[in-house]
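Examining the three-dimensional arrangement
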Protein chains: 2
Amino acid sequence: MIASFHPPVRTLMGPGPSDVNPRILEALSRPTIGHLDPAFIGMMDELKRLLQYAFRTENALTIPVSAPGSAGMETVFTNLIEPGEKVIVCQNGVFGGRMKENVERCGATPIMVEDEWGAPVDPGKAEQALNTHPDAIAIAFVHAETSTGVRSDAETLCGLARRADCLSIVDAVTSLGGIQLEVDTWGIDAIYSGTQKCLSCIPGLSPVSFSEKAVQKIRRRKSKVQSWFLDASLVMGYWGGETKRAYHHTAPVNSLYALHEALVILQEEGLENAWQRHAQNHAALVAGIEAMGLGFLVDKPWRLPQLNAVEFPDSLNDADVRSNLLNHYNLEIGAGLGVLAGKVWRIGLMGFSSNRVNVNQCLLALGTVLSTMGYNCDPSAATTAANAVYSSQ
Amino acid sequence: MIASFHPPVRTLMGPGPSDVNPRILEALSRPTIGHLDPAFIGMMDELKRLLQYAFRTENALTIPVSAPGSAGMETVFTNLIEPGEKVIVCQNGVFGGRMKENVERCGATPIMVEDEWGAPVDPGKAEQALNTHPDAIAIAFVHAETSTGVRSDAETLCGLARRADCLSIVDAVTSLGGIQLEVDTWGIDAIYSGTQKCLSCIPGLSPVSFSEKAVQKIRRRKSKVQSWFLDASLVMGYWGGETKRAYHHTAPVNSLYALHEALVILQEEGLENAWQRHAQNHAALVAGIEAMGLGFLVDKPWRLPQLNAVEFPDSLNDADVRSNLLNHYNLEIGAGLGVLAGKVWRIGLMGFSSNRVNVNQCLLALGTVLSTMGYNCDPSAATTAANAVYSSQ
């Protein structure tokens with residue numbers, strides 16, 4: 001017989017999921033009701049408004065997809081793109097590569113604009129690609145690359161897209177709620193995110209939003225969307241503004257309670273305050289990491305406050321450090337992905353995880369583990385440096 | 001400002017979601033850990049074994065898809081079917097129609113075998129279709145049609161498929177855990193289910209299982225699976241048996257805790273005991289419904305114990321009855337779907353909802369509401385008839 005599973009209690013400072021606020025876990029466990037219950041429909045309407053607040057948009061088609069961020073990505077590509085079309089994909093990490101896969105699986109052609117892993121997308125190269133391929137229907141890029149901790153200049157890139165009369169597709173899985181993101185002001189046409197990063201909700205849902213221009217592109221489709229489950233026109237029959245909702249699929253009722261609560265918390269704090277909090281905890285972490293003599297993969301102006309790619313000397317065994325932190329401190333930090341495996345740690349300060357206690361705990365634990373492994377550093381100097389940042393602000 | 005959402009407490013006796021056992025809601029709200037945490041990987045291994053138990057299979061590729069039942073359906077079709085292929089689809093309700101959509105969106109051709117809504121799939125017609133279309137690569141049907149409450153003879157239909165050297169695809173969204181289902185003994189090649197029906201877990205996950213023959217078909221694909229998110233080969237890199245798991249997408253961690261607990265509960269009760277419980281509560285409900293002078297859409301041998309399509313006189317206003325039950329008794333029963341809208345109610349007795357208290361509550365509430373609406377029936381006679389069934393067994 002298999003027994004009930006009781007997870008260990010961790011502090012989640014990896015690339016997501018982040019620590020979930022107990023208020024959200026409590027909301028998650030409220031009694032399940034029907035997905036067509038009038039009380040539930042009312043909650044869905046609030047959820048759309050809360051997502052519009054978080055995305056800073058008036059887009060009517062702003063909903064959570066009933067599956068994780070990768071399904072949100074697929075929702076955007078599979079609805080917008082038809083076979084034979086051309087899409088410019090900017091890649092500077094793992095998730096640009098996944099966009100390329102999506103474009104190909106839609107039967108379309110990706111035009112790749114490559115940048116170094118750890119560097120932002122170069123707007124000059126993007127502009128050149130738009131000029132060379134005036135027939136591209138969209139340009140896609142990752143706002144906050146979870147694999148490298150780099151921010152790209154979404155405002156500039158979307159401006160280029162608009163001038164080229166091209167749709168902009170933005171991966172905001174790690175940016176939503178953590179750094180400035182302005183869907184309407186920047187003119188983003190299609191965007192997707194995840195719930196388990198800076199919203200600090202449980203993993204499993206993907207907020208998406210489509211501009212009116214993107215919706216028009218979907219309406220003009222000649223072919224059916226290849227996914228029935230992710231077909232936005234059908235999904236909107238359930239989430240749409242009409243009084244009578246049509247059943248499409250059974251919504252993940254309890255996960256939606258949790259997302260509702262996560263967004264209520266965000267609204268209580270205020271979006272700009274949340275960005276400010278992420279920036280402050282990042283500054284403190286940076287001070288502590290630098291006091292330990294470690295450096296960052298990403299140049300200062302492009303660093304994501306919510307995801308810190310920390311470089312370490314070859315002499316340190318990456319896996320040993322991380323399993324030490326997990327086993328002795330219940331602290332999860334992330335490994336490098338792809339070409340950065342074994343070269344960086346990814347320290348997340350996302351959402352509820354982004355707080356002073358976690359910054360201190362992480363610096364102390366990491367410093368202690370590194371010291372015992374022969375790396376010369378002073379954990380208490382690191383926390384002193386971090387706390388000086390809080391005192392100065 | 002939008003406030004936290006507190007759902008009403010309902011009794012869920014519609015077509016799903018069903019009432020969720022409080023043990024499962026509590027498991028759901030346990031602290032989130034990372035999707036690559038060794039403790040989580042251990043839980044995933046147990047989850048696969050528990051699903052094999054529920055499906056009665058040794059299939060290695062037995063996992064929960066990170067999205068609702070419709071995505072499970074799409075996982076099966078999109079992985080097994082390539083463009084240009086031919087699939088026989090048996091339709092006797094809404095969900096056979098959704099299978100047809102799936103086949104078409106894979107670029108394949110559905111050969112339809114139609115039966116009345118409320119009747120089971122006719123094996124004679126299925127056999128004829130297999131003979132007429134020896135090039136069909138699969139035959140697909142719904143084991144338990146949620147739109148009509150009818151069971152089809154999965155064992156016979158899978159036997160026909162095997163003899164025709166054709167794959168069998170089975171929709172078990174509403175059957176898993178509620179009636180006999182034998183994946184290995186019946187030779188089912190691909191099957192998908194939902195969590196919010198007879199497993200009484202929260203909605204949002206879809207258990208699937210593929211036979212070795214189905215896996216071989218996937219391995220021989222000439223084209224890539226059109227969905228990256230649902231690509232079984234990639235998903236298996238994360239769920240697979242290898243020691244080193246590769247990140248694919250972020251698993252819905254807390255929902256998987258809940259499914260684990262739901263299956264632990266099923267295992268504690270015993271699968272056959274669960275089937276027996278569903279049968280007994282169904283018998284009691286039938287006695288009560290008949291005592292009220294109402295009848296059933298489906299002929300007795302093909303009725304699903306977990307989903308009862310009850311016919312009502314034209315004189316009754318369907319929507320009024322259901323909103324009366326919801327508003328005054330917090331009781332949800334289901335409306336008819338598609339051609340059965342306004343013609344039947346769908347009364348679910350699924351999983352944790354399938355119990356004597358619910359049978360009594362439903363009969364009493366329904367009888368009282370019908371009486372106040374001018375339909376001549378005696379609620380207490382209905383509950384007496386139902387309780388006689390329990391006493392006699």
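Residues numbered from 1 in each chain as written. Chains lettered and ligands numbered in written order. Predicted model: local features only at pLDDT ≥ 70, side-chain atom pairs only at ≥ 80, totals over all residues. Heavy atoms only, no water.

So, about the interface of chain B and chain A. Taken together, the 73 residues of chain B in the interface contact 73 residues of chain A. Summing both sides of the interface, chain B and chain A together bury roughly 6200 Å²; the carbon and sulfur share of this comes to 62%. Inspection of the chain B/chain A interface yields six salt bridges. A salt bridge links Asp231 of chain B to Arg105 of chain A, with the shortest nitrogen-to-oxygen separation between them at 2.8 Å. (Contact = heavy atoms within 4.5 Å. Buried area = accessible area lost by both parts, 1.4 Å probe. Salt bridge = Lys/Arg side-chain N within 4 Å of Asp/Glu carboxyl O.)

A word on the sheet that holds strand 12 (residues 307-311) of chain B. All names here are of chain B. Reading across the sheet, the five strands line up as 1-13-14-12-11 and stay open at both edges, with mixed pairing between neighbours. Lying at the two open borders of the sheet, with one neighbouring strand each, are strand 1 (11-13) and strand 11 (295-296). Looking at chain direction, strand 1 and strand 13 (residues 331-335) are connected through three bridges and run parallel. Paired with Thr11 across the bridge in strand 13 is Leu331. Against the sheet, helix 12 (residues 318-329) contacts strand 13 and strand 14 (344-348), and its axis sits at roughly 160° relative to strand 13. (Pairing = 2+ DSSP bridges. Helix = DSSP H or I, 4+ residues; strand = E, 2+ residues; numbered from the N terminus. Axes fitted to C-alpha atoms, helices over the stretch in contact; angles between N-to-C directions.)

Our next topic: the pattern of salt bridges. A full pass over the atoms with the stated rule returns 32 salt bridges over all chains. As a salt-bridge pair, Glu85 of chain A and Lys217 of chain A come within 2.9 Å of each other at their nearest N and O atoms. Within this pair, whereas Glu85 of chain A is found in the loop between helix 3 (69-80) and strand 3 (86-91), its partner Lys217 of chain A is found in helix 8 (residues 212-219), the two being separated by 132 residues in sequence. With relative accessibility at 9%, the residue Lys217 of chain A sits in the buried group. For the salt bridge of Glu101 of chain A with Arg105 of chain A, the shortest nitrogen-to-oxygen distance reads 2.8 Å. With a gap of four residues between them, Glu101 of chain A and Arg105 of chain A both fall in helix 4 (residues 94-105), about one helical turn apart. Because the salt bridges share partners, they merge into one network encompassing Glu101 and Arg105 of chain A together with Lys224 and Asp231 of chain B. (Buried < 20%, exposed > 50% of the residue type's maximum accessible area, 1.4 Å probe, protein only.)

The next subject is helix 14 (residues 379-392) of chain B. Residue and element names in this part refer to chain B. Taking 1.5 Å as the rise per residue, helix 14 with 14 residues should run 20 Å; its terminal C-alpha atoms sit 20 Å apart, in good agreement. Inspection of helix 14 places Pro379, Ala382, Thr383, Ala386, Val389 and Tyr390 among the buried residues, and these make up the whole buried set. End-on, the buried residues of helix 14 take up no more than an arc of 110°, which puts them together on one face. Facing away from the buried side of helix 14 by over 90 degrees, the exposed positions are Thr384, Ser391 and Ser392. Here the buried face of helix 14 lies against helix 11 (271-291) and helix 13 (356-372). (Expected span 1.5 Å × (residues − 1). Arc of directions from axis to C-beta.)

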